[in-house]
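Here is what each chain is made of, one letter per residue.
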There are 2 protein chains.
Amino acid sequence: MGTAPGEFEIIRDFFASAPVGEGVALGIGDDCALLQAPASGQLATSMDTLVAGRHFPADADPAAIAARALRVNLSDLAAMNARPLWFTLALTLPDSDAVWLRKFADGLLQTAAQFGVSLVGGDTTAGPLSITIQVIGHTESPLRRDRAGPGDHVYVSGPLGAAAAALPVVLGEQRVNADVQLQCERAFYYPEPQFPVAAAIAELASAALDISDGLLADLGHICESSGVSADIHLERLAVSPLAQTLAAEKAMALATGGGDDYQLCFTVPQQRVADLDQLGLKVTAIGTLIEGSTGVRCWHNGNPWSPAVTGYQHF
Amino acid sequence: MGTAPGEFEIIRDFFASAPVGEGVALGIGDDCALLQAPASGQLATSMDTLVAGRHFPADADPAAIAARALRVNLSDLAAMNARPLWFTLALTLPDSDAVWLRKFADGLLQTAAQFGVSLVGGDTTAGPLSITIQVIGHTESPLRRDRAGPGDHVYVSGPLGAAAAALPVVLGEQRVNADVQLQCERAFYYPEPQFPVAAAIAELASAALDISDGLLADLGHICESSGVSADIHLERLAVSPLAQTLAAEKAMALATGGGDDYQLCFTVPQQRVADLDQLGLKVTAIGTLIEGSTGVRCWHNGNPWSPAVTGYQHF
């Protein structure tokens, strides 16, 4: 309304400057984008929505919101060992504020450039603030979650609990010094899709996924998909420095139940463990898969351990 | 919360029963779907969001909302002459009501089956009701909007104005008899993607798009993309029976400015017009493209005509 930009102006002014990358025969501006798929392998696709007030505060830095929205989607590609190619954006905005849009578009296109993924289309609509991104990647060697077997070793690609520990700070519920504030914002808005680890383990791992709902919930998905159970030993788990500032019990609850760290959880058959070790990756072995349907059982220094929180509840 | 289904239950119970179609190596349930692109041609992709209270009434029939959400996306594929393959769904819901979800999923999967497109993934989140769908299709012979030239004839694939005439009825602002009510709901929620026309004209047309924002606005997009202008003669335009029930001036305003009919507007070079005529399609020739940047000029029985409404404003 008035002098606010309409849909076509938004696309042209803020997003159509997106560089046209690999495989893009026709980018933003027609009814569809036209894309050239690689000759071999498979495409991998995923879609995630972030809603203001639920996944981020409505007044958060637009560049940070954009970075997180794209990074969580890229993490799904990483978890399948897929190389990013293209993405589409559905942006719903209460009003079209040019300053907000410029920051959002800059954050989005900067993240896109960093990961080599091209914005090829999307939609802008008026409504409560939310961002849906759909990514398409390419893989010659996909990492699925349904191929794990009993005896496989269970690994996590890095420390857990940072994003969950950061949440009260990001939500403005907890005041901290500027340095910790920055660490919290980085942990929450700039999760690192684990492409290098995924590429390194692709030929060794029997299953993998990214930890978005919490370690126990996500390892539970591997168990359910693969028809196995797991015994894990929490004293082996790498807990992030941000979570370590909390009481030990709380830190462990966040590391096992808090989502949003986007590290990988993956499994490697016993006979490939030596090969994995040879790679010298900074990954942590936390347990073993077993037969049966007992789900994920946790141990801490030899004692049974029960989680206070088992995963992120979307509703 | 409580006994309401969470994300994983929603996906499993309502959507994972989606039949796995052509090219789907791995469907719903992993970090990504894995897709096998056809060996030749190109992929076409588009994304559209419908927001409750803006694009449909929040209390509308969930099956009708689902049908419209998928059909408007399929229309973008039709407009590129792309055959539907796959789609992803981002569904944001204030609460997870099992009755609503069952109706929505039934409407969605029924529409998907009708058009031969497979649901391969998506996301469900809590928040204000909105639906984002992203479709991927395949084309060997894409119809773009930027290849029209001066002298080309301008066509519309069918009558216009039905969806705009139906809007007050759909919004509950106007009471009509049950028969007209049904016609209005069909016009608004069940637009017909013009796949047969697109396939028939693919080798003849210089440009095409679907009319989602209104004829004058969308023909304006062809003109802008192709660097031409247009003269159109409104007495030749097919006005839908639903719009014809209104005063003539109002009917013409809806047929030229109302969006959401999803007919095609396309252009054919002079030397291919005889070939088009031979196809015997029920399309309407409404004018001619000309050189210059005067945009879209309208004539009615030889007199200049100015539109009251030039297109749907997204903000």
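Conventions adopted
- One numbering rule holds for all chains: residues counted from 1, following each sequence as written.
- Naming scheme: in the order in which they are written, chains are lettered from A and ligands are numbered from 1.
- pLDDT decides what is reported in this predicted model: residues at 70 or higher carry local features, side-chain atom pairs at 80 or more are listed and counted, and totals for whole chains, interfaces and linings draw on all residues regardless.
- Excluded from the side-chain calculation are hydrogens and water; included are all heavy atoms of the structure.
- The term salt bridge refers to a pairing of a side-chain nitrogen on Lys or Arg with a carboxyl oxygen on Asp or Glu at a separation within 4 Å.
- Runs of H or I in DSSP of at least four residues are treated as helices and runs of E of at least two as strands, each being numbered from the N terminus.
- Buried residues are those whose accessible area, probed at 1.4 Å on protein chains only, stays under 20% of the maximum for their type, while exposed residues exceed 50% and partly exposed ones sit between those limits.
- UniProt positions are given in the numbering used here, feature names are shortened, and annotations may be inferred rather than shown by experiment.
- Here a residue-residue contact requires only that any non-hydrogen atoms of the pair lie within 4.5 Å.
- To line up the copies, we fit them by least squares on C-alpha atoms, keeping just the residues with pLDDT of at least 70 in both.
- Accessible-area loss on putting two parts together, using a 1.4 Å probe and summing over both, is the definition of buried area adopted here.
- N or O atoms closer than or at 3.5 Å make up a polar contact, with two conditions inside protein: a donor-capable atom paired with an acceptor-capable one, and, for residues adjacent in sequence, both atoms drawn from side chains.
- Residue ranges for the domains trace back to a domain assignment, done automatically or taken from a database.
- The classification used treats Ala, Val, Leu, Ile, Met, Phe, Trp, Tyr, Cys and Pro as nonpolar, Asp, Glu, Lys and Arg as charged, and all other residues, Gly among them, as polar.
- Helix span is expected to be 1.5 Å times the residue number reduced by one.
- By this definition, two strands are paired if DSSP reports at least two bridges between them.
- Lines fitted to C-alpha atoms define the axes here, with helix axes fitted over just the stretch in contact, and angles between the N-to-C directions of these axes take values from 0 to 180 degrees.

K.L.:
I would appreciate a short explanation of the pattern of salt bridges in the present structure.
P.N.:
Between side chains of opposite charge, pairing is possible as soon as their charged atoms come close. Going through the model one piece at a time under the given rule, you end up with 20 salt bridges over all chains. Its salt-bridge partner being B:R145, residue A:D30 comes within 3.2 Å of it at the nearest N-O pair. Here A:D30 is found in the loop between β1 (24-26) and β2 (33-35), whereas its partner B:R145 is found in the loop between β6 (130-139) and β7 (153-156) on a different chain. Just as A:D30 is buried, B:R145 falls in that class too.

K.L.:
What is the right way to look at the UniProt feature "binding site: Mg(2+) 1" (unreviewed entry) in chain A in this model?
P.N.:
All names here are of chain A. Using the residue numbers shown here, the UniProt feature "binding site: Mg(2+) 1" (unreviewed entry) corresponds to D48 and D123. Relative to the assigned elements, D48 resides in strand β3 (residues 42-51). The topology assignment puts D123 in strand β5 (residues 118-126). D123 gets classed as buried once you look at its relative accessible area, which sits at 5%.

K.L.:
Sorry, what's going on with the environment of B:G220 here?
P.N.:
All names here are of chain B. Here G220 lies in helix α7 (residues 215-226). Linking G220 and G295, residues 75 residues apart in sequence, is a C-alpha distance of 6.3 Å. Here G220 is in contact with L215 and V296, once residues within four sequence places are set aside.

K.L.:
I keep staring at the relation of the copies chain B and chain A and nothing clicks. Help me out?
P.N.:
Between the two copies of the chain lies a rotation about an axis combined with a shift along it. Expressed as a screw transformation, the operator carrying chain B onto chain A has a rotation angle of 180° and an axial translation of 0.0 Å, and the superposed copies differ by an RMSD of 0.0 Å. Read as a symmetry element, the transformation amounts to a two-fold axis. The share of interface residues of chain B whose copies in chain A are also at the interface is 100%, consistent with both copies meeting through the same surface.

K.L.:
Can you walk me through the interface of chain B and chain A in this structure?
P.N.:
A common measure of how large an interface is: the accessible area buried when the components associate. Every contact between the two is made by 65 residues of chain B and, on the other side, 65 residues of chain A. For the pair chain B and chain A, the two sides together bury roughly 5200 Å², of which 59% comes from carbon and sulfur. At the surface where chain B touches chain A, the tally comes to four salt bridges. Summed over the shared surface of chain B and chain A, the number is 19 residue pairs in polar contact (both at pLDDT 80 or more).

K.L.:
Quick question: what am I supposed to make of the domain arrangement of chain A here?
P.N.:
All names here are of chain A. When the domains of chain A are assigned, the result is domain 1 (7-139) and domain 2 (153-305). Taken together, the contacts link 21 residues of domain 1 with 19 residues of domain 2. Linking domain 1 to domain 2 there are two salt bridges. Of the charged contacts in the structure, one is a salt bridge between R71 and E192, with a shortest N-O distance of 3.3 Å. The tally of links from domain 1 across to domain 2 stands at six residue pairs in polar contact (both at pLDDT 80 or more). Among the elements that line the side of domain 1 that touches domain 2, the one with the most residues is helix α2 (residues 62-79), at 13 residues. Among the residues making up the side of domain 1 that touches domain 2, the classes are represented as 15 nonpolar, three polar and three charged.

K.L.:
Hey, could you run me through helix α5 (residues 178-189) of chain B in this one?
P.N.:
Along an α-helix, residues three or four apart share an orientation, since each turn contains 3.6 residues. Residues and elements named next belong to chain B. Here α5 is twelve residues long and its end C-alpha atoms lie 16 Å apart, about the 16 Å a rise of 1.5 Å per residue gives. Residues C184, A187, F188 and Y189 constitute the buried set of α5. Looking at the packing, one finds that the buried side of α5 touches α2 (62-79), α4 (162-170) and α8 (241-244). Two or three places before D179, at the opening of α5, N177 has a side-chain oxygen 3.1 Å from that residue's backbone nitrogen.

K.L.:
Explain unusual backbone geometry to me, please; I cannot follow it from the model alone.
P.N.:
When glycine is set aside, most residues are seen to have a negative phi, and most peptide bonds are trans. At A:D260, a position not held by glycine, the phi torsion is positive, near 75°. You will see that B:Y262, though not glycine, has its phi angle at about 60°, which is positive. One can find B:Y262 in the loop between α9 (248-257) and β10 (264-268).

K.L.:
Help me understand the sheet that holds strand β5 (residues 118-126) of chain B in this model?
P.N.:
Sheet strands pair via backbone hydrogen bonds, and the direction of the pair is either parallel or antiparallel. A sheet is described by the order of its strands in space; here six strands give the open sequence β1(A)-β2(A)-β3(B)-β6(B)-β4(B)-β5(B), paired in mixed fashion. Both outer strands of the open sheet, β1 of chain A together with β5 of chain B, are each paired with one neighbouring strand and no more. Put simply, the sheet's adjacent strands are angled 25° from each other on average, direction ignored. The strands touched by α2(B) are β3 (42-51), β4 (83-93) and β6 of chain B; relative to β6(B), the strand with the most contacts, the crossing angle is about 35°.

K.L.:
I keep staring at the side chain of A:N81 and nothing clicks. Help me out?
P.N.:
Residues and elements named next belong to chain A. Turning to its location among the elements, N81 is positioned in the loop between α2 and β4 (83-93). Within the structure, the side chain of N81 is placed 3.1 Å from the backbone oxygen of S141, a separation counted as a polar contact. The contacts of N81, once residues within four sequence positions are left out, are H138, T139, S141, L143, A198, A199 and A202.

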